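An overview of the molecular structure
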Amino acid sequence: MGACHSIYKPKTTIRAKDKNNQKYHKSLYINTSNEIKFQKTSKKNNETDITSFNNKCETTPSNLSSNSTCAQINPPNNFTIQAIIGETEIPISVEEKEKIIIKINPNSGNNENNNMWSFLRNENPVNFLGYNNHKYKGINLGALFLRITGDQKVYILNKTENHIISKNKGNLLIYANLDPNNYLIYEPKGSINISIYGGSYAFENELYYSYNINCFSNKNKIDIENKEYKILDYINKARDNIKKFFNDYYSINDIINSEFKDFINKNNIKRYEFKMNTDLNNIAKKHCEYLYENETAGNIGIELKNKINYYYNCVNCDESIIYNINNPLLIVKNLIQDKYSKKKKNRKNLFSMKFNKVGIYLKEHKIYKFCCVIVFSD
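Bear in mind the structure is a predicted one, so any value in this text is a computation, not a measurement.

What counts, and where the lines are drawn
- Residues numbered from 1 in each chain as written.
- Predicted model: local features only at pLDDT ≥ 70, side-chain atom pairs only at ≥ 80, totals over all residues.
- Heavy atoms only, no water.
- Helix = DSSP H or I, 4+ residues; strand = E, 2+ residues; numbered from the N terminus.
- Buried < 20%, exposed > 50% of the residue type's maximum accessible area, 1.4 Å probe, protein only.
- Contact = heavy atoms within 4.5 Å.
- Areas by Shrake-Rupley, 256 points an atom, 1.4 Å probe, with all protein chains shown as cover.
- Salt bridge = Lys/Arg side-chain N within 4 Å of Asp/Glu carboxyl O.
- Phe/Tyr/Trp six-rings, centres within 6.5 Å; stacked < 30°, edge-to-face > 60°.
- Polar contact = N/O pair within 3.5 Å; in protein donor to acceptor, adjacent residues only side chain to side chain.
- pLDDT = per-residue confidence, 0-100.
- Core = buried A, V, L, I, M, F, W, Y, C linked by side-chain atoms within 4.5 Å.
- Axes fitted to C-alpha atoms, helices over the stretch in contact; angles between N-to-C directions.
- Parallel < 35°, antiparallel > 145°, perpendicular 65-115°, else oblique.
- Left-handed = near helix turned anticlockwise from the far one by under 90°.
- Nonpolar A, V, L, I, M, F, W, Y, C, P; charged D, E, K, R; others polar.

1. Brief notes about the overall build of the protein chain
Broken down by element type, the protein chain carries seven helices and 21 strands. Across the 378 residues in the protein chain, those meeting the buried criterion constitute 55%. When contacts within the protein chain are restricted to residue pairs at least 6 apart in sequence, those whose partners lie at least 24 apart make up 72%. Put simply, the protein chain shows about 17400 Å² of open surface, and 46% of that area lies on carbon and sulfur atoms.

Given below as structure tokens:
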């Protein structure tokens, strides 16, 4: 079967020469301007809207009540947020109107850059407040943001201790304020350490939060910190409930055109979950390493079925490849939208009923920063 790949390169277009077949693969760019109107949030409880950010960024309230409705299930408190492009999902879920406290932990040890991160070349690391001399929509680049899945409101974590009352139930998404149209200027490094009080451990409550997947439950002891498993986790969530996935993970920074909205509305059926397969993982890994060593971009192509049939007989197989990002959530979101493909092959692969096994491998790339290969088979 034919394979498909996506190269996400904002602003500029780069052509990478394939050393073996002399073909050129044109890179694409992300245009994440907002095309869908979301409901505006009202000013309540001393919440201050920042109109320059589409009325969605809000400073944290100063006089919130402690109205917790969610029982604790021994959630972890400390989390290290790596400098990365896109949102990082924290495995803490909150109930509607529940109070949570986010503390920015101070520097520790002898390293003066501890608990700091950087995104811009030739700039010193900064703390959670971001760069004072670089702005996006009037707010410091690199400033620490928080959002709750299912809600479009964005909180700015602009204090060492932030008190928040959730508008709805969902999981926490934390990320840096970055211009989504200029990813090429970023070189993310470092991390911010935070403590979260309130909520419950999200991976104990997947069924309660409307996703019917179970391949990543604690009983199976899957390494949820592994990026390949996180990619599969998000794929299975989308396959199980695409409307919920859309409401949870797409925000005002994502381009939402009429074609994509039609797909969401017409394809909200439950699909069985994909299972990770070791043999397919090895095929994905070898191709990732080939792309890295040869500084190229391209598919396994016609050889894919032969490679899979070396391990077992398959009837249907395909692959998807994405470049330039290493954030599991952002990888899956881009593959689902599949903006730059008229045939939407990446999307079709993710939602196909022909496949039940996948192999996933994510690796650095000498030209495109990162490369993720996903192999599908029955």
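2. Section: the pattern of salt bridges
In total, this model carries ten salt bridges according to the counting rule given. Between Glu87 and Arg147 there is a salt bridge; the shortest N-O distance is 3.1 Å. Here Glu87, found in the loop between strand 6 (78-82) and strand 7 (88-94), pairs with Arg147, found in strand 12 (residues 144-148); they are 60 residues apart in sequence, far enough to count as distant. Across the pair, exposure class does not vary: Glu87 and Arg147 are buried alike. Between Glu187 and Arg121 there is a salt bridge whose closest N-O contact spans 2.7 Å. Residue Glu187 is located in strand 16 (residues 186-197), and its partner Arg121 is located in the loop between strand 9 (117-120) and strand 10 (131-136); the two are separated by 66 residues in the primary sequence. Overall, the relative accessible area of 32% leaves Glu187 in the partly exposed class.

3. Section: the packing of aromatic side chains
Each pair of aromatic rings is reported with the distance of its centres and the angle of its planes. Per the stated rule, a full pass over the model turns up 14 aromatic pairs. Between Phe145 and Tyr175, the aromatic rings sit 5.7 Å apart at their centres with planes inclined by 90°, giving edge-to-face as the arrangement. Note that Phe145 is positioned in strand 12 and Tyr175 in strand 15 (residues 170-176), a separation of 30 residues in sequence. For Phe145, a relative accessible area of 0% corresponds to the buried category. Classification of Tyr175 as buried rests on a relative accessible area of 9%.

4. Let's talk about the side chain of Lys99
Topologically, Lys99 is positioned in strand 8 (residues 99-104). A polar contact of 3.4 Å, which involves the side chain of Lys99, links it to the side chain of His163.

5. Details of the confidence of the model for the protein chain
Detailed reading of the predicted coordinates is not advisable wherever pLDDT is low. Across the protein chain, pLDDT averages 76, with 72% of residues at or above 70. Of all secondary-structure elements in the protein chain, the lowest mean pLDDT belongs to strand 3 (residues 24-26), at 29, while strand 14 (residues 161-165) reaches the highest, 96. Contacts from residues 7-73, a stretch scored under 50 in pLDDT, to residues over four places away or in other chains number 191 contacts. Within the model, pLDDT remains below 50 along residues 215-222, and this stretch shows 16 contacts once partners closer than five positions in the same chain are excluded.

6. Topic: the environment of Glu319
Within the secondary structure layout, Glu319 lies in strand 19 (residues 317-323). For Glu319, a relative accessible area of 0% translates into the label buried. C-alpha separation for the pair Glu319 and Gly359, spaced 40 residues apart in sequence, amounts to 9.2 Å.

7. So, the nonpolar core
In this structure, Trp117, Leu144, Leu146, Leu172, Ile194, Phe245 and Ile336 are the most contacted members of the largest nonpolar core, which totals 66 residues. Among the elements that take part in this core, helix 6 (residues 328-337) stands out by supplying six residues, more than any other. In this structure Ile194 touches Asn77, Asn78, Phe79, Ile81, Ile102, Lys103, Ile104, Asn105, Leu144 and Ile174, once residues within four positions along its chain are discounted. Within the second largest apolar cluster, 18 residues are counted, among which are Ala284, Leu304, Cys317 and Val375.

8. Observations regarding helix 2 (residues 242-249)
Helix 2 sits mainly inside the fold: six of its eight residues count as buried. Among all positions of helix 2, only Ile242, Lys244, Phe245, Phe246, Asp248 and Tyr249 are buried.

9. A word on unusual backbone geometry
A positive phi is found at Asp338, a non-glycine position, where the angle reads about 50°. Secondary-structure assignment places Asp338 in the loop between helix 6 and helix 7 (345-351). In the Ramachandran plot, Lys369 falls in the positive-phi region, its phi being about 70° despite a non-glycine side chain. Of note, Lys369 is situated in strand 21 (residues 369-377). A relative accessible area of 25% places Lys369 in the partly exposed class.

10. Description of the packing of helix 2 against helix 6
Look at helix 2 against helix 6: their axes get within 12 Å of each other, and the N-to-C directions meet at 125°. On the basis of their axis angle, the class for helix 2 and helix 6 is oblique. For the pair helix 2 and helix 6, the sense of crossing is left-handed. On helix 6, the residues touching Ile242, Phe245 and Tyr249 of helix 2 are Leu329, Val332, Lys333 and Ile336. Its residues placed into classes, the contact of helix 2 with helix 6 shows six nonpolar, no polar and one charged.

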